[in-house]
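In case you want the letters, here they are:
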Amino acid sequence: MNPAAQPKQLVDQIGEQLKTIALRGGERPAAGSWEIRKLLADTDRLQSVDASMGSLLKAKVFALVGDRPSTLYWLDNATALSGNQLPYHRMLALLLLGYPEEANDFYDEAIEDRGAIPVDMVLLHLCAAGWFQRASELIEAATIKKLVFKATKWVHFAPRAAAVFGDHGLKIDDVNRIQAEMHEILREENSLWLFDAPRVSIEESFVSMRYVVDFDADKVAAMTALLTDRLSQRGLDGRGLHIAFETAASESAPSALIASDMVNDYQSSAPIFDRERMDRALAGPRFMLPQSATTARDVCAYLDSLASKVQ
Amino acid sequence: MTFTVDFGRQFAVEWNNYQQDQKDKVASFVITVQVHGLDQTKLPGKLSASWINANATDHAYALRNDLWHYHIGLPTYRVNMYGPATSDWLLHFQHVSGSTHISIVDMYTHYTSKGGFYLPKPPHVVPVPVKGN
């Protein structure tokens, strides 16, 4: 291992790299690209000192690339190493990969076991996925607990959007089916939406969600037309939710949500190294190998000597 | 040095019972870990957290006590097409995720006579109490 590669430093470094790529939006980075290979090499180094965190961050790299099997493989690995199902990370990764219906399966567990992920961030994730009913429930529950949200925009918007969905009888499963069609087109274009929250508004009797993509206006219009056609064919149009693609041109700088938060929430969660845990685990008499032991022969000599003393 | 290494008392007590080839393997592992950390690419044998693929009881015990093991290469290594080499004998150690320290506690064959996966117990390990007890 590179002596300079300390876990916290590496996590920060990988997090910054992920954030940079995610915020750039546009075409998904190729798995073989230099920047992804560099990220994977860094996660390899991290794995040598913290296998669980290394695996989790590797899953995030693959989610960004759009490689679903590898994402799930490394999430499973992180689960095996940490002993935690990591439901929130699974839900978020599936949303990032564009599989809202499967992400939905992890929702109940994720909301119960979201670790140190701040409630504000959870609210943003729910709203970005169009899960306004759930966002409203979260706001209600948080209000009872007197939790204060910083993302006031969503605190005001989510209940109104949920009410519109309610008027149309639009359920979470319907929202997910509509969202899945949108993600299918993004996959066909091998594109990320800019990891800003979607632009939202309430128009007369429907909720409008516009996902910003890095294409020219003609291309974006064609993608929206295709989405409208598909939703119509599947009977998913006119249900109180309208989704479209939009160019970045008319919007201010992104405020960094899903992908960057996938990193931030991790960085802000439990400390990387738990000294108390180490003290508990290593209770009982121990004998530290002196730093002067630098060869196999030195190690054997130390242990020979130690064995004669402890008999 | 990247990692520090210590030895449990019981391991030290049993050291003289090991054969020279066993001692050599332990020493070689220790030196590699001191220099490179738990870097699978630098180790010939498979390195694994002991709770992976364990049954429910062992899983909880191994996780609570941060138990890991290394395939030490005795009597020989079995080369695998899809991963690092494995062996019948394992070197057991404790490692808290994120730390740069390991504590070597035991060396034993992979499976017990009853066919279960061997995990070091007292006196090799002073178990972390189960929460609530």
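Rules of the game
- Residues numbered from 1 in each chain as written.
- Chains lettered and ligands numbered in written order.
- Predicted model: local features only at pLDDT ≥ 70, side-chain atom pairs only at ≥ 80, totals over all residues.
- Heavy atoms only, no water.
- Helix = DSSP H or I, 4+ residues; strand = E, 2+ residues; numbered from the N terminus.
- Buried < 20%, exposed > 50% of the residue type's maximum accessible area, 1.4 Å probe, protein only.
- Contact = heavy atoms within 4.5 Å.
- Areas by Shrake-Rupley, 256 points an atom, 1.4 Å probe, with all protein chains shown as cover.
- Phe/Tyr/Trp six-rings, centres within 6.5 Å; stacked < 30°, edge-to-face > 60°.
- Pairing = 2+ DSSP bridges.
- Axes fitted to C-alpha atoms, helices over the stretch in contact; angles between N-to-C directions.
- Expected span 1.5 Å × (residues − 1).
- pLDDT = per-residue confidence, 0-100.
- Buried area = accessible area lost by both parts, 1.4 Å probe.
- Salt bridge = Lys/Arg side-chain N within 4 Å of Asp/Glu carboxyl O.
- Polar contact = N/O pair within 3.5 Å; in protein donor to acceptor, adjacent residues only side chain to side chain.

Novice: Quick question: what am I supposed to make of the overall build of chain A here?
Specialist: If you tally the helices and strands in chain A, you get 15 helices and 6 strands. Buried residues in chain A amount to 52% of all 311 residues. Within chain A, contacts between residues separated by at least 24 positions form 71% of all contacts whose residues are at least 6 apart in sequence. When the accessible surface of chain A is totalled, it reaches about 13900 Å², and 52% of it is carbon and sulfur.

Novice: Would you take a moment to explain the packing of aromatic side chains for this structure?
Specialist: All names here are of chain B. Applying the stated criterion across every chain yields a total of 15 aromatic pairs over all chains. Relative to Tyr18, the ring of Phe11 has its centre 5.7 Å away and its plane inclined at 40 degrees; by these criteria the two rings are tilted. For the pair formed by Phe11 and Tyr18, the shared burial category is buried. When the centroid spacing of 4.4 Å and the interplanar angle of 20 degrees are considered together, the rings of Phe29 and Tyr70 count as stacked. Of the two residues, Phe29 is situated in helix 2 (residues 20-36) and Tyr70 in strand 3 (residues 67-71); the sequence distance between them amounts to 41 residues. Across this residue pair, the class does not change: Phe29 and Tyr70 are buried.

Novice: Quick question: what am I supposed to make of the sheet that holds strand 3 (residues 199-203) of chain A here?
Specialist: Each strand in a sheet pairs with its neighbour through backbone hydrogen bonds, running either in the same direction (parallel) or in the opposite one (antiparallel). All names here are of chain A. Taken together, 3 strands build an open sheet; the order of strands is 3-4-5 and the sheet is mixed. The outermost strands of the open sheet, each flanked by one partner alone, are strand 3 and strand 5 (241-247). Neighbour-to-neighbour, the strand axes of this sheet turn through a mean angle of 25 degrees, independent of strand direction. The pairing of strand 3 with strand 4 (residues 206-213) spans 5 bridges and is classified as antiparallel. Paired with Val200 across the two strands is Met209, which belongs to strand 4. Where helix 10 (residues 152-168) meets the sheet, it contacts strand 3, strand 4 and strand 5, and its direction lies at approximately 50 degrees from that of strand 3.

Novice: Which parts of the structure should I look at to understand helix 11 (residues 172-188) of chain A?
Specialist: Residue and element names in this part refer to chain A. Helix length check: helix 11, at 17 residues, gives a terminal C-alpha distance of 24 Å against a target of 24 Å (1.5 Å per residue), a fit within 8%. When you tally the buried positions in helix 11, you get 12 out of 17 residues, the bulk of the element. Buried within helix 11 are the following residues: Ile172, Asp174, Val175, Asn176, Ile178, Gln179, Ala180, Glu181, Met182, His183, Ile185 and Leu186. Asn190, located one to two residues past helix 11, shows a positive phi value of around 50 degrees.

Novice: Please explain the side chain of B:His71 as it appears in this structure.
Specialist: Positionally, B:His71 belongs in strand 3. Aside from chain neighbours lying at most four places away, what touches B:His71 is B:Gly45, B:Lys46, B:Tyr77, B:Ala85, B:Thr86, B:Ser87, B:Trp89, B:Leu90 and B:His110.

Novice: I would appreciate a short explanation of the confidence of the model for chain B in the present structure.
Specialist: One rule of thumb: low pLDDT means the predicted coordinates there are not for detailed reading. The share of residues in chain B with pLDDT of 70 or more is 89%, and the mean pLDDT across the chain is 85. Among the prediction metrics, the complex's ipTM stands at 0.92, with pTM recorded as 0.56.

Novice: Teacher, can you tell me more about the interface of chain B and chain A here?
Specialist: You'll often see interface size given as the accessible area lost when the parts meet. With 46 residues of chain B in contact, the opposing surface of chain A contributes 41 residues. Overall, the association of chain B and chain A removes approximately 3500 Å² of surface from exposure, summing both partners, and the carbon and sulfur fraction of that is 63%. Among the residues of chain B in contact with chain A, B:Phe7, B:Arg9 and B:Trp15 are the three that bury the most area, contributing 16% of the side total. Linking chain B with chain A are 1 salt bridge, by the criterion used here. Salt-bridge contacts for B:Lys23 lead to A:Asp304; the nearest nitrogen and oxygen are separated by 3.6 Å. Between chain B and chain A we count 7 residue pairs in polar contact (both at pLDDT 80 or more) in total. Elements with a minimum of two residues in the side of chain B that touches chain A: strand 1 (4-8), helix 1 (9-14), helix 2, helix 3 (56-64) and strand 5 (101-109) of chain B. A total of 10 residues in the side of chain B that touches chain A trace back to one element, the largest contributor, which is helix 2 of chain B.

Novice: What is the right way to look at unusual backbone geometry in this model?
Specialist: Note: most peptide bonds trans; most residues except glycine with negative phi. A cis geometry characterises the amide bond from B:Leu74 onward to B:Pro75, with omega recorded as -5 degrees. In this structure, B:Pro75 sits in the loop between strand 3 and strand 4 (89-94). Here the amide bond leading from B:Pro122 into B:Pro123 is cis, since omega sits at 10 degrees, within 30 degrees of zero. Position of B:Pro123 relative to the elements: it lies in the segment after strand 5. Non-glycine residue A:Leu86 carries a positive phi angle of around 50 degrees. When you line up the elements, A:Leu86 lands in the loop between helix 4 (68-82) and helix 5 (87-97). Since its relative accessible area comes to 14%, A:Leu86 is described here as buried. Even without glycine at this site, B:Asp66 takes up a positive phi of about 55 degrees.

Novice: Any chance you could explain helix 2 (residues 34-49) of chain A here in plain terms?
Specialist: For an α-helix, the turn length of 3.6 residues means that residues three or four places apart are oriented alike. The terminal C-alpha atoms of helix 2 of chain A, which comprises 16 residues, lie 24 Å apart, in line with the 22 Å expected from a rise of 1.5 Å per residue. All of the buried residues along helix 2 of chain A are A:Ile36, A:Leu39, A:Leu40, A:Asp42, A:Thr43, A:Leu46, A:Gln47, A:Ser48 and A:Val49.

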